[in-house]
Structure formats: structure tokens, C-alpha cells
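# Architecture and fold: a report
This is what each chain is made of:
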Amino acid sequence: MQIALANTINDENIETLVRTFYPMVLEDPLVGPFFVEKLGDNISSDVWEEHLVLISHFWAFVALGDERYNGHPMAPHFHIEGISRKAFEQWLKLFHEAVDKVYIPRSGEFFKLKSTDIASNFMRNLRI
Ligand code: HEM
């Protein structure tokens, strides 16, 4: 069955986006290992569940101004050994693929632009 793509951004479809993206990440040979190292390989674990909720709140903050996320998005990335520009490029490719599975192009464009922007900032701060 074909599931309709979302044309407006809300909490529910942000959660769908996040829960679509991270299983793709875990399976990816380049990006997956960074996450397995920090969070383990079982996406159903409590540690992963906490991450998925945190990231859903992060994107709800970015897209909707939601106030549940009040962390420091950049901070943990300083402690990921071996993180590279190539890994960021792959992360973005997967994220954009996930966006296309959930949103119509006009709404998906927002996430693509924002993620590209944020990834550039992260890479600049990481000097990679
Ligand atoms: C190769 C690229 C990336 C890798 C390997 C990566 C990996 C990770 C890992 C392992 C964590 C969990 C850290 C921990 O709990 O100790 C994390 C947290 C997070 N990541 Fe990434 N990440 C990448 C790119 C991005 C990008 C581009 C964004 C945003 C567009 C992003 C947003 C976040 C946020 C918001 C958190 C939670 C920060 C907090 O603790 O408040 N990440 N990332």
C-alpha cells in the first residue's frame, strides 16, 4: 500500500522521519559504526529510544520552534573519533532519502536545506 506523503510538517511526521532515517543509518557501512559505538546496534533499546525522542524534539525545535529540545546539538560530535567529511556527506544523503520517503518535495525541501546548513556548521566547527 502506498502511504501518502506529508505536505505539512508536524510532530507526528517528524517522528516518522526520524524513525525512518536511523534504521537506514544503522545499516550503512560508513555512518552506522559511529552510532553503534555510542548507542549500540539495537534500535529497540532504551538508549536508542532516548536518542530517537531527543532527535525528534531537535527537529521539532528546528522546524516548528518547539521548546522541548534545549540541548547542544554540536557538543557530542566533538567526541566522535574518526568522524569525517565523507561520513557527513553520507549522513546527508541518507537523511535526504528519508525526507523523500515522508514529505512531498515542497515540505521536504525545508529539511534538506536545514540539514545541509547544520552539517556545514558542524564540519566547520570540527575543522573537517
Ligand atoms: C556523520 C555525521 C554524524 C554522525 C556520525 C553523528 C553521530 C551522532 C551520535 C553518535 C550522537 C549521539 C551522541 C551521544 O549520545 O553520545 C549524535 C547526537 C546528535 N546528533 Fe549527530 N551525527 C552526525 C551528523 C549530525 C547532523 C548533520 C545533525 C543535524 C543536522 C546531527 C544532530 C544531532 C543531534 C541534535 C544530536 C543530539 C545532541 C544532544 O545530545 O543534545 N548529527 N550524533
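Residues numbered from 1 in each chain as written. Predicted model: local features only at pLDDT ≥ 70, side-chain atom pairs only at ≥ 80, totals over all residues. Heavy atoms only, no water.

### A closer look at the pattern of salt bridges
A full pass over the atoms with the stated rule returns six salt bridges. In this structure, E49 engages R19 in a salt bridge whose closest nitrogen and oxygen atoms are separated by 2.7 Å. Separated by 30 residues along the polypeptide, E49 in helix 3 (residues 46-64) and R19 in helix 1 (residues 11-27) bring together distant segments of the chain. Overall, R19 belongs to the partly exposed group, its relative accessible area being 32%. A salt bridge links K93 to E97; its shortest N-O distance comes to 3.3 Å. With a gap of four residues between them, K93 and E97 both fall in helix 4 (residues 85-102), about one helical turn apart. According to the relative accessible area criterion, E97 is partly exposed, its value standing at 33%. Three or more residues are tied together by salt bridges with common partners; here these are D11, D66 and R68. (Salt bridge = Lys/Arg side-chain N within 4 Å of Asp/Glu carboxyl O. Helix = DSSP H or I, 4+ residues; strand = E, 2+ residues; numbered from the N terminus. Buried < 20%, exposed > 50% of the residue type's maximum accessible area, 1.4 Å probe, protein only.)

### Some points on the coordination of the iron atom of the ligand
A lone protein donor binds the iron atom of the ligand: H77 (NE2), at 2.0 Å. As for its position among the elements, H77 is in the loop between helix 3 and helix 4. (Donors = N, O, S within 2.8 Å, 3.2 Å for Na, K, Ca; no water.)

### Section: helix 1
Relative to the 24 Å expected for 17 residues at 1.5 Å per residue, helix 1 spans 25 Å between its end C-alpha atoms, a close match to the ideal helical length. Within helix 1, burial applies to N13, I14, L17, V18, F21, Y22, M24, V25 and L26. On the buried face of helix 1, the contacting elements are helix 2 (32-39), helix 3, helix 4 and helix 5 (105-126). The backbone nitrogen of E12 lies 3.1 Å from a side-chain oxygen of the residue at the head of helix 1, namely N10. (Expected span 1.5 Å × (residues − 1). Contact = heavy atoms within 4.5 Å. Polar contact = N/O pair within 3.5 Å; in protein donor to acceptor, adjacent residues only side chain to side chain.)

### Focus: the site of the ligand
Near the ligand, the surroundings consist of 21 residues, among which F35, I55, Y69, H77 and I80 are the closest. Here a nitrogen atom of the ligand sits 2.9 Å away from a polar atom, N or O, in the side chain of H77. With respect to the pocket detection grid, the ligand is positioned in the largest pocket. Residue assignment for the shell around the ligand shows that the elements contributing at least two residues are helix 2, helix 3, helix 4 and helix 5. Among the elements that take part in the shell around the ligand, helix 3 stands out by supplying five residues, more than any other. Of the residues in the shell around the ligand, the class split is 17 nonpolar, three polar and one charged. (Near = heavy atom within 4 Å. 1 Å grid on protein atoms, 1.4 Å probe; cavity = no way out; pocket = protein on both sides within 12 Å on 5 of 7 lines; lining within 4 Å. Sits in = over half its atoms within 2 Å of the grid points. Nonpolar A, V, L, I, M, F, W, Y, C, P; charged D, E, K, R; others polar.)

### Brief notes about the layout of surface pockets
There is about 670 Å³ of room inside the largest pocket. Every residue lining the largest pocket is counted, 26 residues in all, and those nearest its centre are F35, H51, I55, P73 and H77. At the level of elements, helix 2, helix 3, helix 4 and helix 5 are the ones that each hand at least two residues to the lining of the largest pocket. A total of five residues in the lining of the largest pocket trace back to one element, the largest contributor, which is helix 3. In the lining of the largest pocket, the residues fall into 20 nonpolar, five polar and one charged. Along its surface, the second largest pocket is lined by I3, A4, L5, A6, N13, T16, T20, K101 and V102. Those elements that place two or more of their residues in the lining of the second largest pocket are helix 1 and helix 4. Here the lining of the second largest pocket gets three residues from one element, more than from any other, and that element is helix 1. The residue makeup of the lining of the second largest pocket, split by class, is five nonpolar, three polar and one charged. (Points joined across faces, edges and corners; volume = space filled by probe spheres on them.)

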